[in-house]
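Chain residues, written in single-letter form:
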Amino acid sequence: MPIPTAPLKFIPLFKERIWGGRRLANLYGKELPADARIGESWEIVDRPEAQSVVRGGPLQGKTLHELWQKHRAEIFGKIDDTPRFPLFLKLLDAEEKLSVQVHPPAEVARQLGGEPKTECWYVAHAEPGAELYVGLRKGSSRAQFEDAVAHGTVAAQIHRITVRTGDTMFLPSGRVHAIGAGNVLVEVQQNSDTTYRVFDWNRVDDQGAPRALHLEQSLRSIDFEDFEPELVRPNGESLIADALFQMDRWQLNDAREASLPGTFAIFVCLAGRVVCAGVEAAPGEFFLVPAALEDRHLRALEPNTAVLRITVGP
């Protein structure tokens, strides 16, 4: 493969969800399927059931998994050897609140035949009063939680946080959580798709049936010592510095090198417009700067341009 001469963009995969809406079109101009409630846009994904495909350039049509298997050095540089690209990046549009759920820690995932998942949310847009539901309220116990599950009162056990655009929440595996209505989020996570629903706000479908829950798996996965977690407090530009992934927020006042030569980075344009090696991105667009790219500088094309920078952990 020739040395990459430009960042890579991928074709988003839109997922219809009962809690989704149309804000990915309204805010970012995404070409959503007509008359569909789109809750998720899978932007960077290497899963057996779903693949990001390169859009444009000499690598057009190649899947992320092909790049990971056959062109790892040129695209990703020196990186731990895993069967698939280790990150999974999405945009989420919660027109309505999601179910209360949990992702299993590694040991529990092994026992249950699932995959562990640690993730984080960056609030790209929040309607006034939008909330996140994360962790347990102080004073809650496992016995109280199990009683609340039995009586449909789990909402009273969950900690709520009102959020604004620009907030960040870290979600280690085991943290019970839900996204409230009115949020558009950038989600960065381990490459996993194991989710256990523990409560769905007592909602029923048009046939009067509730959604399926995963009560036994959820109760085994929840960290019952996780009380009232707080939003991330940024350390300068750094939002997340985890062993699995790093996330920074850059205000592009001057040209900046995407990453050190020989390393990759993924960017999400949050505001304004950005260009790197001739490839432009507007708000809501993701692009990957390959490890072997020579022109690695990001430049703002408009005032107040801001991006998220995402890469693997240290």
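Preceding block: the structure.
Residues numbered from 1 in each chain as written. Predicted model: local features only at pLDDT ≥ 70, side-chain atom pairs only at ≥ 80, totals over all residues. Heavy atoms only, no water.

Caption draft 1: Region of interest: the nonpolar core. With 41 residues, the main nonpolar core has Phe76, Phe85, Val186, Met247, Leu308 and Ile310 as its most contacted residues. Take this core: its biggest share by element is four residues, from strand 24 (residues 306-312). Those residues in contact with phenylalanine 85 that sit more than four places away from it in its chain are Ile44, Asp46, Leu64, Trp68, Phe76, Asn191, Phe264 and Ile266. Val100, Phe145, Ala178 and Leu219 belong to the second-largest nonpolar core, a separate cluster that totals 18 residues. (Core = buried A, V, L, I, M, F, W, Y, C linked by side-chain atoms within 4.5 Å. Buried < 20%, exposed > 50% of the residue type's maximum accessible area, 1.4 Å probe, protein only. Helix = DSSP H or I, 4+ residues; strand = E, 2+ residues; numbered from the N terminus. Contact = heavy atoms within 4.5 Å.)

Caption draft 2: Fine view of the packing of aromatic side chains. This structure, assessed with the given rule, holds twelve aromatic pairs. Seen from their ring centres, tryptophan 68 and phenylalanine 85 are 5.8 Å apart, and the 75 degrees between their planes marks the pair as edge-to-face. Remark: phenylalanine 85 occurs in the loop between helix 3 (72-76) and strand 7 (87-94) and tryptophan 68 occurs in helix 2 (residues 64-70); sequence separation between them is 17 residues. Positioned above the aromatic ring of tryptophan 42 is the side chain of lysine 15, whose terminal nitrogen or guanidinium carbon lies 4.5 Å from the ring centre. Directly above the ring of tryptophan 68 sits arginine 72, whose terminal nitrogen or CZ lies 4.0 Å from the centroid. (Phe/Tyr/Trp six-rings, centres within 6.5 Å; stacked < 30°, edge-to-face > 60°. Lys NZ or Arg CZ within 6 Å of the ring centre and 35° of its normal.)

Caption draft 3: Structural detail: helix 5 (residues 142-151). Within helix 5, the full set of buried residues consists of Phe145, Ala148 and Val149. Taken down its axis, helix 5 places every buried residue within 105 degrees of arc, on the same side. Along helix 5, the residues that are exposed and aim more than 90 degrees away from the buried face are Ala143, Ala150 and His151. Here the buried face of helix 5 lies against strand 10 (131-136), strand 11 (158-162), strand 15 (196-199) and helix 6 (215-221). (Arc of directions from axis to C-beta.)

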